[in-house]
Amino acid sequence: MLSLIVPTYNERENVRVLYRRTVESLDGEDFEIVFVDDSHDDTPDEIRRLAAEDSRVRLLHRMERGLATAVIDGFKVARGDLLAVIDGDLQHPPEILANLLRVQRETRADLVVPSRYMPGGDPGGLSGLRRLLSLGGRALAHILLRESRATTDPMSGCFVVTRDAASPILGSRPKGFKILLELMVRGDVERTVDVPYAFAVRDSGESKLGWHTQVDYLRQLADLVTVNPDNTRFLLFALIGATGVAVNAALFALMTSGYFDAIPYGTLLASLIASNVALLWNFIWNTTITWRDRVRSDQIWRSALRYIVVAELGSLLTSLVVLVLSGIGAEIKLLDQFIGIVAAVILTYRLNDRWTYLQQEPALQTERSARR
Ligand code: GDD
Ligand code: MN
C-alpha cells in the first residue's frame, strides 16, 4: 500500500482540490492520504470533512510547526510499505504521482524523485530570486553531500520512498526542512531514479518559507556534512585550500610591496616562494586535521612527497582547463582559471584520499609478518 503524506499549514483553499486530483491520479491503487496539519485556520475542518467522505483520508493534527518533522510524523503513522510526500499547495501536480509509482515498480528503486532540473523538467513555478536560491542551494548540496548527487533535484519536497529506506530517519528531528537530503544522507537509500516534471505556480495561499529558512538550510547542511566522514573530509580540504590561497596572495603581496627592496626579490621569485609556502601550509593542516586518522609519523616523508606530486598535477590540470577553455573561445579569463581550480580541487582531493594518505597497514600486522 502507498501512504501519501501531505504536510499542510493554512492551505484551506487547496486541500479539496489536491484530494480530488490525487484520487484521480491514483485510481485503481491501494493508498491512503495522511494530512499532517499544523494550521491555525480552518484547514483541519476541511480535512475532517474529506475524511468523513472517504476513509482513505486521515488527519494528524499537531500543535507545533515544522515541515520536516511533519513529514516524519506522517511517516510514523503511515501504514503503507511505500511512502510518498507531496506539498499541499498544488505546486507539485498530483498527476505526477501515478508516473512516480509506475517508475518505482519498474525500476525497483528505493527512492524516486520528480525533478525540475533535468531534460523535460521545468522549474517554472519559481520566481527569479527563488530560482537562484534554489539553484545555489542545489549546487551547495551537491558539493558538500556526495549522497545528494544521486538526484538532480535534492531540494525537492516531493518524492516516493520505500519504508525500508526511510526507516533510519524515523527517530530523528531534523533542524532544517529539506527532508529529502536527510533521507539521502541518513536513510538507507541505494537506488535513486529521477523523473522530470514541471513545478507549478502557487495560485492559492502563500509560501511559508521565509528568509530564516535559508539560514536553517545552511545549518542543516552543516549538520548533515558530519554524518559521512568522506563529506567532512572534503569540506575540510576545500576550506584549508581556501586559507592556502589567502596565504599565497598575502605573501606575494608582501614580497612585492617594496618593503623588501633591500633584498633583490624578483616577481618570479616572490611567486615561487608564496606558492611553496602555501603548499607547505596546506600540507601541514591537511595532515594534522583532514587525514589525521590516517597519518603515521614514520611515513610522513612519503606522504609529503606524494602531496607535492599531487599538488603539481593539480596545477597542471588547472592550466590545461584554462588552455582548453580559452581555446574554445571562453572570454572571461578569471572564470576559466576558477573552473580550472575547482577541477583541480576535486582531482587532488581524490588523489590525496586514495594515494597520499592511503590507509596504511596497522603497525602490529607488519611486525607479525616480519617475524614470520
Ligand atoms: N504541517 C506543516 N507544518 N506543513 C507545513 C509547514 C509546517 O510548519 N510549513 C509549510 N508546510 C506545508 C505547506 O502548507 C505546503 O503544503 C508545503 O509544506 C510546502 O510549503 P510552501 O510554503 O509551499 O513551501 P515552498 O513552495 O516555498 O517550498 C517548496 O519548494 C521547495 C523547493 O523549491 C517545498 O516543496 C519545499 O519542500 C521544497 O523544498
Ligand atoms: Mn509551495
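Not measured: the values here are computed from a predicted model.

### Thoughts on the domain arrangement of the protein chain
Moving on, step 1. One can read the domain layout of the protein chain as domain 1 (2-224) and domain 2 (229-371).
Moving on, step 2. Each side of the interface is counted separately: domain 1 has 5 residues, and domain 2 has 6 residues.
Moving on, step 3. Of the roughly 490 Å² buried between domain 1 and domain 2 on both sides combined, carbon and sulfur atoms contribute 41%.
Moving on, step 4. Counting the surface domain 1 buries against domain 2, the share from its top three residues, I143, L144 and R146, is 83%.
Moving on, step 5. Here domain 1 is connected to domain 2 by 0 salt bridges.
Moving on, step 6. For the pair domain 1 and domain 2, the interface holds 2 residue pairs in polar contact (both at pLDDT 80 or more).
Moving on, step 7. Across the side of domain 1 that touches domain 2, the residue classes break down as 3 nonpolar, no polar and 2 charged.

### Brief notes about the coordination of the manganese ion (ligand 2)
Moving on, step 1. Protein coordination at the manganese ion (ligand 2): the donors are D89 (OD) and Q91 (OE1), at 2.0 Å from the metal.
Moving on, step 2. Take Q91: its relative accessible area is 11%, and that puts it in the buried class.

### With respect to the sheet that holds strand β1 (residues 2-8)
Moving on, step 1. Within the open sheet, the 7 strands sit side by side as β3-β2-β1-β4-β6-β5-β7. Their pairing is mixed. Strands with a single pairing partner mark the edges of an open sheet, and in this sheet they are β3 (57-61) and β7 (192-196). Strand-to-strand twist of the sheet, defined as the mean angle between neighbouring strand axes without regard to direction, takes the value 20°.
Moving on, step 2. Bridge analysis of strand β5 (residues 111-115) against β7 gives 5 bridges, and the strand direction is parallel. Its bridge partner lying in β7, V113 is registered against D194.
Moving on, step 3. Sheet strands touched by helix α2 (residues 43-53): β1, β2 (31-37) and β3. Its angle to β3, the strand with the most contacts, is close to 150°.

Calculation criteria
For every chain, the first residue of the written sequence is number 1, and numbering continues from 1 along that sequence. Think of it this way: whatever chain is written first is A, whatever ligand is written first is 1, and the rest follow in order. Restriction of local features to residues with pLDDT of at least 70 applies here, the model being predicted, together with a cutoff of 80 or more for giving and counting side-chain atom pairs; totals for whole chains, interfaces and linings are based on all residues. Excluding hydrogens and water, the side-chain figures rest on all heavy atoms present in the structure. Here the limits of each domain have been adopted from an automatic or database domain assignment. The contact rule is simple, with two residues in contact once any of their heavy atoms fall within 4.5 Å. By buried area we mean how much accessible surface two parts lose on assembly, using a 1.4 Å probe and totalling the loss over both. We define a salt bridge as a contact between a side-chain nitrogen of Lys or Arg and a carboxyl oxygen of Asp or Glu at a distance within 4 Å. Nitrogen and oxygen atoms within 3.5 Å of one another constitute a polar contact, given that in protein one can donate a hydrogen and the other can accept it, and given that sequence-neighbouring residues count only through two side-chain atoms. Three classes are used, and their members are as follows: Ala, Val, Leu, Ile, Met, Phe, Trp, Tyr, Cys and Pro are nonpolar, Asp, Glu, Lys and Arg are charged, and the others, Gly among them, are polar. The donor set comprises N, O and S atoms within 2.8 Å of the metal, extended to 3.2 Å for Na, K and Ca; water molecules are omitted, so apparent gaps in a site may simply reflect that omission. When accessible area is computed with a 1.4 Å probe and restricted to protein chains, residues below 20% of their type maximum are described as buried, those above 50% as exposed, and intermediate ones as partly exposed. Two strands pair if DSSP finds at least two bridges between them. Starting at the N terminus, helices and strands are each numbered in turn, a helix being any DSSP run of H or I of at least four residues and a strand any DSSP run of E of at least two. A fitted line through C-alpha atoms represents every axis, and for helices the fit uses only the stretch in contact; the resulting angles, taken between N-to-C directions, go from 0 to 180 degrees.

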